[in-house]
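Residue strings, one per chain:
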Amino acid sequence: MGWLAAGDGYEVALIEGRVAARATSGRAAGRQLKSLPKALRDHPEVDRLRRFAEWLDRHAAACVAQVDLWMVSSLPVPTGLLARVWPDEAWQTALRDLAVVGDDPDEVGFLRDATDSGELRVVNLDGETVRLSPRTVTLPHPVLLPDLDDLREFAAELGVVQKVEQIHRATWRKPADLKAGETTVSEFSGGSYDSWFGLAARATSLGYRVSGGYATCRVRDAGSLAEAAVWIGEPYWEDEVTTGGLSWQDLDGRTLPLREVGPVAWSEGMRMAAALYAGRRVEEGKDA
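Below, the structure is looked at part by part.

Cut-offs used in this document
- Residues numbered from 1 in each chain as written.
- Predicted model: local features only at pLDDT ≥ 70, side-chain atom pairs only at ≥ 80, totals over all residues.
- Heavy atoms only, no water.
- Helix = DSSP H or I, 4+ residues; strand = E, 2+ residues; numbered from the N terminus.
- Rg over C-alpha atoms; globule rule 2.2 N^0.38 Å.
- Buried < 20%, exposed > 50% of the residue type's maximum accessible area, 1.4 Å probe, protein only.
- Pairing = 2+ DSSP bridges.
- Contact = heavy atoms within 4.5 Å.
- Axes fitted to C-alpha atoms, helices over the stretch in contact; angles between N-to-C directions.
- Core = buried A, V, L, I, M, F, W, Y, C linked by side-chain atoms within 4.5 Å.
- Salt bridge = Lys/Arg side-chain N within 4 Å of Asp/Glu carboxyl O.
- Parallel < 35°, antiparallel > 145°, perpendicular 65-115°, else oblique.
- Left-handed = near helix turned anticlockwise from the far one by under 90°.
- Nonpolar A, V, L, I, M, F, W, Y, C, P; charged D, E, K, R; others polar.

**Some points on the overall build of the protein**
Here is step 1: Regarding its fold elements, the protein presents 6 helices and 15 strands.
Here is step 2: Relative to the 2.2 N^0.38 estimate, which gives 19 Å for 288 residues, the radius of gyration of the protein is 24 Å and therefore markedly larger than a compact globule would have.
Here is step 3: Seen through its C-alpha atoms, the protein measures out along the principal axes to roughly 80 × 55 × 40 Å.
Here is step 4: Taking all 288 residues of the protein together, 41% fall into the buried category.

Below you can see the structure in the form of C-alpha coordinates.
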(Lines give C-alpha, C1' and ligand atoms only; values in the text may rest on other atoms or scores of the structure.)
Protein backbone atom coordinates (compact mmCIF):
# COMPACT_ATOMS: atom_id res chain seq x y z
CA MET A 1 0.00 0.00 0.00
CA GLY A 2 1.06 3.62 -0.48
CA TRP A 3 2.58 6.03 1.99
CA LEU A 4 0.21 8.35 3.88
CA ALA A 5 1.02 11.79 5.21
CA ALA A 6 1.23 11.88 9.00
CA GLY A 7 2.28 15.05 10.78
CA ASP A 8 4.93 17.47 9.62
CA GLY A 9 7.74 15.84 7.70
CA TYR A 10 6.63 12.21 7.89
CA GLU A 11 4.71 9.56 5.99
CA VAL A 12 3.51 6.20 7.30
CA ALA A 13 2.59 2.89 5.69
CA LEU A 14 1.76 -0.68 6.67
CA ILE A 15 4.74 -2.88 5.72
CA GLU A 16 4.75 -6.61 6.50
CA GLY A 17 2.06 -6.13 9.12
CA ARG A 18 3.78 -3.28 10.98
CA VAL A 19 3.43 0.48 10.82
CA ALA A 20 6.55 2.01 9.32
CA ALA A 21 7.52 5.65 8.89
CA ARG A 22 9.77 7.64 6.59
CA ALA A 23 10.88 11.23 6.55
CA THR A 24 9.79 13.56 3.77
CA SER A 25 12.34 16.27 4.36
CA GLY A 26 15.87 16.75 5.54
CA ARG A 27 18.86 14.45 5.02
CA ALA A 28 16.76 11.31 5.69
CA ALA A 29 14.06 12.23 3.15
CA GLY A 30 12.63 9.16 1.44
CA ARG A 31 14.32 6.70 3.77
CA GLN A 32 12.34 4.30 5.95
CA LEU A 33 13.09 4.84 9.64
CA LYS A 34 14.07 1.99 11.95
CA SER A 35 11.32 2.87 14.41
CA LEU A 36 8.34 5.19 14.74
CA PRO A 37 9.30 8.68 15.91
CA LYS A 38 7.78 9.59 19.24
CA ALA A 39 5.76 12.36 17.58
CA LEU A 40 3.88 9.78 15.49
CA ARG A 41 3.05 7.11 18.07
CA ASP A 42 -0.35 8.60 18.91
CA HIS A 43 -1.09 10.07 15.49
CA PRO A 44 -4.61 9.21 14.18
CA GLU A 45 -3.21 7.87 10.90
CA VAL A 46 -0.90 5.53 12.79
CA ASP A 47 -3.78 4.37 14.97
CA ARG A 48 -5.89 3.63 11.87
CA LEU A 49 -3.08 1.60 10.32
CA ARG A 50 -2.62 -0.39 13.54
CA ARG A 51 -6.33 -1.23 13.65
CA PHE A 52 -6.22 -2.16 9.97
CA ALA A 53 -3.26 -4.48 10.64
CA GLU A 54 -5.23 -6.17 13.43
CA TRP A 55 -8.15 -6.65 11.06
CA LEU A 56 -5.86 -8.17 8.43
CA ASP A 57 -4.51 -10.62 11.03
CA ARG A 58 -8.06 -11.66 12.00
CA HIS A 59 -9.02 -11.99 8.34
CA ALA A 60 -5.99 -14.16 7.56
CA ALA A 61 -6.75 -16.40 10.54
CA ALA A 62 -10.40 -16.70 9.45
CA CYS A 63 -9.35 -17.72 5.92
CA VAL A 64 -7.02 -20.41 7.25
CA ALA A 65 -9.74 -21.69 9.60
CA GLN A 66 -12.28 -21.90 6.75
CA VAL A 67 -9.91 -23.70 4.40
CA ASP A 68 -8.93 -26.08 7.22
CA LEU A 69 -12.63 -26.85 7.73
CA TRP A 70 -13.09 -27.55 4.01
CA MET A 71 -10.08 -29.87 4.09
CA VAL A 72 -10.87 -31.77 7.28
CA SER A 73 -14.46 -32.25 6.12
CA SER A 74 -13.46 -32.96 2.49
CA LEU A 75 -16.38 -30.74 1.48
CA PRO A 76 -16.93 -29.96 -2.22
CA VAL A 77 -16.00 -26.33 -2.86
CA PRO A 78 -17.33 -24.47 -5.94
CA THR A 79 -14.49 -23.73 -8.34
CA GLY A 80 -16.04 -20.33 -9.01
CA LEU A 81 -15.78 -19.48 -5.32
CA LEU A 82 -12.05 -20.24 -5.29
CA ALA A 83 -11.63 -18.01 -8.35
CA ARG A 84 -13.48 -15.13 -6.66
CA VAL A 85 -11.45 -15.21 -3.45
CA TRP A 86 -8.06 -15.95 -5.06
CA PRO A 87 -7.09 -12.28 -5.65
CA ASP A 88 -7.29 -11.75 -1.87
CA GLU A 89 -3.77 -12.37 -0.57
CA ALA A 90 -5.03 -13.95 2.67
CA TRP A 91 -7.23 -16.44 0.81
CA GLN A 92 -4.47 -17.15 -1.71
CA THR A 93 -1.96 -17.87 1.06
CA ALA A 94 -4.37 -20.28 2.74
CA LEU A 95 -5.20 -22.11 -0.51
CA ARG A 96 -1.91 -22.18 -2.40
CA ASP A 97 -0.27 -25.59 -2.80
CA LEU A 98 -3.13 -27.53 -1.26
CA ALA A 99 -3.79 -30.89 -2.90
CA VAL A 100 -7.07 -30.70 -4.83
CA VAL A 101 -9.19 -33.28 -6.63
CA GLY A 102 -11.61 -32.45 -9.45
CA ASP A 103 -13.92 -34.74 -11.39
CA ASP A 104 -11.46 -37.64 -11.44
CA PRO A 105 -10.84 -38.83 -7.85
CA ASP A 106 -7.55 -40.41 -8.89
CA GLU A 107 -6.15 -37.18 -10.33
CA VAL A 108 -4.53 -35.17 -7.53
CA GLY A 109 -2.71 -31.88 -8.09
CA PHE A 110 -1.28 -28.98 -6.10
CA LEU A 111 -3.22 -25.73 -6.52
CA ARG A 112 -1.10 -22.91 -7.94
CA ASP A 113 -3.55 -20.43 -9.46
CA ALA A 114 -7.22 -19.62 -10.05
CA THR A 115 -8.32 -17.42 -12.94
CA ASP A 116 -11.22 -14.99 -13.21
CA SER A 117 -13.00 -17.41 -15.55
CA GLY A 118 -13.15 -20.09 -12.83
CA GLU A 119 -10.27 -22.17 -14.13
CA LEU A 120 -7.77 -23.74 -11.73
CA ARG A 121 -4.13 -24.33 -12.51
CA VAL A 122 -2.58 -27.25 -10.67
CA VAL A 123 0.70 -29.14 -10.77
CA ASN A 124 -0.07 -32.83 -11.24
CA LEU A 125 2.03 -35.76 -10.08
CA ASP A 126 3.91 -35.78 -13.39
CA GLY A 127 5.17 -32.30 -12.60
CA GLU A 128 3.07 -30.73 -15.34
CA THR A 129 0.88 -27.66 -14.89
CA VAL A 130 -2.64 -28.51 -16.06
CA ARG A 131 -5.89 -26.58 -16.16
CA LEU A 132 -9.06 -27.78 -14.45
CA SER A 133 -12.54 -26.33 -14.63
CA PRO A 134 -14.84 -28.74 -12.76
CA ARG A 135 -17.95 -27.36 -11.10
CA THR A 136 -16.53 -28.24 -7.67
CA VAL A 137 -13.28 -29.52 -6.22
CA THR A 138 -12.40 -31.13 -2.92
CA LEU A 139 -9.39 -30.46 -0.72
CA PRO A 140 -9.14 -34.03 0.61
CA HIS A 141 -8.18 -34.94 4.13
CA PRO A 142 -4.80 -36.72 3.81
CA VAL A 143 -6.13 -40.00 5.18
CA LEU A 144 -8.34 -40.18 2.08
CA LEU A 145 -5.48 -39.60 -0.37
CA PRO A 146 -4.10 -42.69 -2.08
CA ASP A 147 -0.32 -43.20 -2.01
CA LEU A 148 0.12 -40.50 0.62
CA ASP A 149 3.81 -41.28 1.18
CA ASP A 150 4.54 -40.85 -2.53
CA LEU A 151 2.57 -37.61 -2.52
CA ARG A 152 4.60 -36.30 0.40
CA GLU A 153 7.85 -37.16 -1.36
CA PHE A 154 6.72 -35.40 -4.53
CA ALA A 155 5.61 -32.36 -2.50
CA ALA A 156 9.10 -32.14 -0.98
CA GLU A 157 10.70 -32.26 -4.44
CA LEU A 158 8.32 -29.55 -5.64
CA GLY A 159 9.05 -27.32 -2.64
CA VAL A 160 5.42 -27.30 -1.54
CA VAL A 161 4.73 -25.21 1.57
CA GLN A 162 1.17 -25.37 2.88
CA LYS A 163 -0.34 -22.77 5.19
CA VAL A 164 -3.10 -25.24 6.06
CA GLU A 165 -1.62 -28.51 7.29
CA GLN A 166 -2.73 -31.19 4.84
CA ILE A 167 -0.04 -33.33 3.19
CA HIS A 168 2.13 -33.52 6.32
CA ARG A 169 -0.77 -33.68 8.77
CA ALA A 170 -0.37 -36.55 11.24
CA THR A 171 -2.77 -39.34 10.26
CA TRP A 172 -3.96 -42.57 11.81
CA ARG A 173 -5.66 -45.38 9.93
CA LYS A 174 -8.32 -47.45 11.64
CA PRO A 175 -7.18 -51.01 12.38
CA ALA A 176 -9.01 -53.76 10.52
CA ASP A 177 -9.14 -56.11 13.53
CA LEU A 178 -11.38 -54.08 15.88
CA LYS A 179 -13.64 -56.19 18.03
CA ALA A 180 -17.40 -55.95 17.88
CA GLY A 181 -18.77 -53.72 20.63
CA GLU A 182 -15.52 -51.85 21.31
CA THR A 183 -16.17 -48.15 21.95
CA THR A 184 -12.97 -46.76 23.50
CA VAL A 185 -9.35 -46.35 22.45
CA SER A 186 -6.90 -46.30 25.38
CA GLU A 187 -3.64 -45.88 23.43
CA PHE A 188 -3.16 -42.32 24.69
CA SER A 189 -4.61 -42.73 28.19
CA GLY A 190 -2.57 -42.07 31.31
CA GLY A 191 -0.78 -38.88 30.35
CA SER A 192 -0.21 -37.02 33.64
CA TYR A 193 -0.72 -33.28 34.15
CA ASP A 194 -0.23 -31.33 37.36
CA SER A 195 -3.82 -30.06 37.23
CA TRP A 196 -6.97 -30.04 35.12
CA PHE A 197 -6.27 -26.41 34.27
CA GLY A 198 -2.99 -27.29 32.54
CA LEU A 199 -4.58 -30.07 30.51
CA ALA A 200 -7.60 -27.93 29.59
CA ALA A 201 -5.31 -25.06 28.58
CA ARG A 202 -3.35 -27.34 26.26
CA ALA A 203 -6.57 -28.58 24.67
CA THR A 204 -7.89 -25.08 23.99
CA SER A 205 -4.51 -23.84 22.74
CA LEU A 206 -4.61 -26.62 20.14
CA GLY A 207 -8.04 -25.48 19.01
CA TYR A 208 -10.14 -28.12 20.74
CA ARG A 209 -13.31 -27.48 22.72
CA VAL A 210 -13.44 -28.29 26.44
CA SER A 211 -16.84 -29.19 27.87
CA GLY A 212 -18.02 -31.27 30.82
CA GLY A 213 -14.70 -32.93 31.55
CA TYR A 214 -13.91 -33.73 27.92
CA ALA A 215 -11.77 -32.26 25.16
CA THR A 216 -13.71 -32.65 21.93
CA CYS A 217 -13.47 -32.13 18.20
CA ARG A 218 -16.34 -32.40 15.74
CA VAL A 219 -15.66 -33.85 12.30
CA ARG A 220 -17.79 -34.22 9.19
CA ASP A 221 -17.03 -37.61 7.71
CA ALA A 222 -18.77 -38.99 4.61
CA GLY A 223 -21.65 -36.55 5.02
CA SER A 224 -22.32 -37.19 8.72
CA LEU A 225 -21.00 -35.52 11.86
CA ALA A 226 -19.15 -37.33 14.62
CA GLU A 227 -17.60 -35.90 17.77
CA ALA A 228 -14.39 -37.34 19.17
CA ALA A 229 -13.95 -36.91 22.94
CA VAL A 230 -11.05 -37.48 25.35
CA TRP A 231 -11.72 -37.52 29.09
CA ILE A 232 -9.55 -34.90 30.82
CA GLY A 233 -10.99 -35.06 34.34
CA GLU A 234 -13.54 -33.28 36.49
CA PRO A 235 -13.70 -29.58 35.65
CA TYR A 236 -11.60 -27.28 37.86
CA TRP A 237 -9.92 -30.19 39.63
CA GLU A 238 -6.72 -28.75 41.12
CA ASP A 239 -4.84 -31.98 41.81
CA GLU A 240 -3.06 -34.19 39.30
CA VAL A 241 -5.14 -35.50 36.38
CA THR A 242 -4.46 -37.94 33.57
CA THR A 243 -5.77 -38.21 30.05
CA GLY A 244 -8.53 -40.77 29.67
CA GLY A 245 -9.90 -42.86 26.84
CA LEU A 246 -10.94 -41.66 23.40
CA SER A 247 -14.44 -42.32 22.12
CA TRP A 248 -16.81 -40.99 19.45
CA GLN A 249 -20.47 -39.97 19.50
CA ASP A 250 -23.00 -39.11 16.84
CA LEU A 251 -25.11 -35.94 17.00
CA ASP A 252 -27.78 -37.76 19.04
CA GLY A 253 -25.24 -38.49 21.76
CA ARG A 254 -25.00 -42.20 20.93
CA THR A 255 -21.56 -43.66 21.57
CA LEU A 256 -20.30 -45.11 18.30
CA PRO A 257 -18.79 -48.59 18.16
CA LEU A 258 -15.25 -48.20 16.86
CA ARG A 259 -16.16 -50.20 13.76
CA GLU A 260 -18.65 -47.47 12.81
CA VAL A 261 -16.21 -44.56 13.10
CA GLY A 262 -15.28 -43.14 9.70
CA PRO A 263 -11.66 -42.82 8.55
CA VAL A 264 -11.45 -39.03 8.91
CA ALA A 265 -13.17 -38.96 12.31
CA TRP A 266 -10.85 -41.75 13.47
CA SER A 267 -7.72 -39.95 12.30
CA GLU A 268 -8.71 -36.56 13.75
CA GLY A 269 -9.76 -38.10 17.07
CA MET A 270 -6.47 -39.96 17.36
CA ARG A 271 -4.61 -36.78 16.39
CA MET A 272 -6.31 -34.91 19.25
CA ALA A 273 -5.63 -37.68 21.78
CA ALA A 274 -1.97 -37.94 20.71
CA ALA A 275 -1.49 -34.16 20.97
CA LEU A 276 -2.90 -34.10 24.51
CA TYR A 277 -0.78 -37.08 25.54
CA ALA A 278 2.34 -35.45 24.08
CA GLY A 279 2.03 -32.54 26.52
CA ARG A 280 2.07 -34.78 29.60
CA ARG A 281 4.53 -34.42 32.48
CA VAL A 282 7.55 -36.64 31.90
CA GLU A 283 9.62 -37.44 34.95
CA GLU A 284 13.37 -37.26 34.59
CA GLY A 285 14.95 -40.58 33.74
CA LYS A 286 11.79 -42.04 32.22
CA ASP A 287 10.91 -42.50 28.57
CA ALA A 288 9.53 -39.43 26.86
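From this point, the narrative continues.
**Let's talk about the sheet that holds strand β3 (residues 18-23)**
Here is step 1: Reading across from one edge, β1-β2-β3 is the order of the 3 strands in this open sheet, with antiparallel pairing throughout. In this open sheet, the two edge strands, each paired with only one partner strand, are β1 (4-5) and β3.
Here is step 2: Where helix α1 (residues 44-73) meets the sheet, it contacts β1, β2 (10-15) and β3, and its direction lies at approximately 5° from that of β2.

**Here we look at the nonpolar core**
Here is step 1: Within the largest apolar cluster, 53 residues are counted, with the highest numbers of intra-cluster contacts made by Val67, Leu95, Leu246, Trp248 and Met272.
Here is step 2: It is helix α6 (residues 263-278) that provides the largest number of residues to this core, a total of 8 residues.
Here is step 3: Apart from the residues lying within four places of it in its own chain, the contact partners of Leu95 are Val67, Trp70, Leu82, Val85, Trp86, Leu111 and Leu139.
Here is step 4: Ranked by size, the runner-up nonpolar core spans 12 residues in total, among them Val123, Leu151, Phe154 and Ala155.

**Side note on the pattern of salt bridges**
Here is step 1: Tallied over the full model, the rule gives 16 salt bridges.
Here is step 2: Between Arg121 and Asp113 there is a salt bridge, with its nearest N and O atoms 3.4 Å apart.
Here is step 3: Several salt bridges share partner residues, and in doing so they unite Asp68, Glu165, Arg169, Glu268 and Arg271 into one network.

**What to know about the pairing of strand β6 (residues 108-114)**
Here is step 1: Counting buried positions over the 7 residues of β6 gives 5, a clear majority of the element.
Here is step 2: With 3 bridges joining them, strand β5 (residues 99-101) and β6 adopt antiparallel strand pairing. Within β6, the position partnered with Val100 by the bridge is Gly109.
Here is step 3: The pairing of β6 with strand β7 (residues 120-124) spans 5 bridges and is classified as antiparallel. In the strand pairing of β7, Ala114 is matched with Leu120.
Here is step 4: Between β6 and β7, which pair antiparallel and follow one another directly, the connecting turn spans 5 residues, one of which, Gly118, has a positive phi of 90°.

**With respect to the packing of helix α5 (residues 196-205) against α6**
Here is step 1: In the contact formed by α5 and α6, the axes pass within 10 Å of each other and the chain directions differ by 135°. With respect to their mutual orientation, α5 and α6 come out oblique. Classified by chirality, the crossing of α6 by α5 is right-handed. Here α5 contributes Leu199, Arg202 and Ala203 to the contact with α6, which in turn contributes Ala275, Leu276 and Ala278.
Here is step 2: Its residues placed into classes, the contact of α5 with α6 shows 5 nonpolar, no polar and 1 charged.

**Points about unusual backbone geometry**
Here is step 1: We note that Asp147 has phi near 50°; this positive angle belongs to a residue other than glycine.
Here is step 2: Considering the arrangement of structural elements, one finds Asp147 in the loop between β9 (136-138) and α4 (148-158).
Here is step 3: Backbone geometry at Tyr236 places phi at a positive 65°, although glycine is not the residue there.
Here is step 4: Within the secondary structure, Tyr236 is located in the loop between β13 (224-231) and β14 (241-242).
Here is step 5: Assessed through its relative accessible area of 59%, Tyr236 is described here as exposed.

**Digging into the sheet that holds β13**
Here is step 1: Strand order across the open sheet formed by 4 strands is β11-β12-β13-β15, with antiparallel pairing between neighbours. The sheet is open, and its two borders are formed by β11 (209-211) and β15 (246-249), each paired with just one other strand. When the angles between neighbouring strand axes are averaged without regard to direction, this sheet yields 35°.
Here is step 2: Of the strand pairs in this sheet, strand β12 (residues 214-221) and β13 are connected by 8 bridges, and their pairing is antiparallel. Directly across from Asp221, in β13, lies its bridge partner Ser224.

**With respect to the pairing of β3**
Here is step 1: In terms of strand pairing, β2 meets β3 through 6 bridges, oriented antiparallel. Bridge pairing in β3 places Val12 opposite Ala21.
Here is step 2: Linkage of β2 to β3, two consecutive antiparallel strands, is achieved through a turn of 2 residues, within which Glu16 is found at a positive phi near 50°.

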